[in-house]
Amino acid sequence: MVLYGTNTIKACLEAKTLIKVMMTKEFSNKVLINSLKESGVKIEYVSKEKLNEIAPGNNQGIAALVKDIYPVSLNEVIALTKKQKEKGEVPLVIILDSLTDPHNLGAVLRSADAFDAKAVIYKKHGSVSLNATVAKVSTGAINFVKCAEVTNLTRAIETLKENGFWVIGLDGGSKSGFKDVPKDAPLAIVVGSEGYGISRLVKENCDLIVSIPMIGRVNCLNASVACSIALYALRNR
């Protein structure tokens, strides 16, 4: 997988997923260059034209070949959250119901990392999966937030409940708010698809449905934006 951009390469360096870095001689971030050299990662200098061919877009003069990232199992996510509970932390994970836009998934991963949500769970079929676009938009967060693909979202929710999670769905029509969410329980927040929201069966299996209060004329938000607001609200209630 080829990724590009300064912040993305920094995150990949921290996560130790870099295989080879390609940069132009004009790339001037000395701190990053020195960190790359100290790490022993192979650096190849290429022309601007060659780099633009390898990484079309705003590559900022640097790109890298990185290790592919693979999804984990739901059991691995649960094991990770159990370790959090043992340390006195309150686990928070995100469930995506039929999200299809890779830019949205990348943005969700970025927000997940910002608010310490350890995992994003989504369906194996009928949803976006991990790819270079997701990795790029996440600005490196994909290296630190676990992604779990599941066959059946409803069954995954049942498994989370069996392991002590409260499952909170986002829906603009709800009268409940974030103040109604338990403070000390492990939480799984469900974000619906871009056009249809949360599916009926998934909604029925949520412990609580909450809405984001809005006072403007627009009554809906982009899925990743709604997720970010919800994560902030849950971490700061």
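Residues numbered from 1 in each chain as written. Predicted model: local features only at pLDDT ≥ 70, side-chain atom pairs only at ≥ 80, totals over all residues. Heavy atoms only, no water.

Turning to helix α1 (residues 6-15), a few remarks are in order. For α1, the complete set of buried residues consists of Thr6, Thr8, Ile9, Ala11, Cys12 and Leu13. For α1, the secondary structure elements touched by its buried residues are β1 (2-4), β2 (18-23), α2 (30-39), β4 (62-66) and α6 (132-137). Backbone geometry just downstream of α1 places Lys16 in the positive-phi region, at approximately 60°. (Buried < 20%, exposed > 50% of the residue type's maximum accessible area, 1.4 Å probe, protein only. Helix = DSSP H or I, 4+ residues; strand = E, 2+ residues; numbered from the N terminus. Contact = heavy atoms within 4.5 Å.)

With that settled, consider the sheet that holds strand β10 (residues 208-210). With respect to topology, six strands assemble into an open sheet ordered β7-β6-β5-β9-β8-β10, the strand pairing being parallel. Taken across any chain shown, the strands that pair with only one partner, and hence form the sheet edges, are β7 (146-150) and β10. The mean inter-strand angle of the sheet, taken between neighbouring strand axes irrespective of direction, is 25°. When strand β5 (residues 92-96) meets strand β6 (residues 119-123), the two strands line up parallel, connected through four bridges. Residue pairing for β6: Val93 is matched across the bridge by Ala119. Set on the sheet, helix α7 (residues 153-162) makes contact with β5, β6, β7, β8 (166-170) and β9 (187-191); between it and β5 the angle comes to about 165°. (Pairing = 2+ DSSP bridges. Axes fitted to C-alpha atoms, helices over the stretch in contact; angles between N-to-C directions.)

It is worth spelling out the environment of Ser129 at this point. Within the element layout of this structure, Ser129 appears in the loop between β6 and α6. For Ser129, a relative accessible area of 33% translates into the label partly exposed. When residues no more than four places from it in sequence are discounted, the contact partners of Ser129 are Leu105, Tyr122, Val134 and Glu149.

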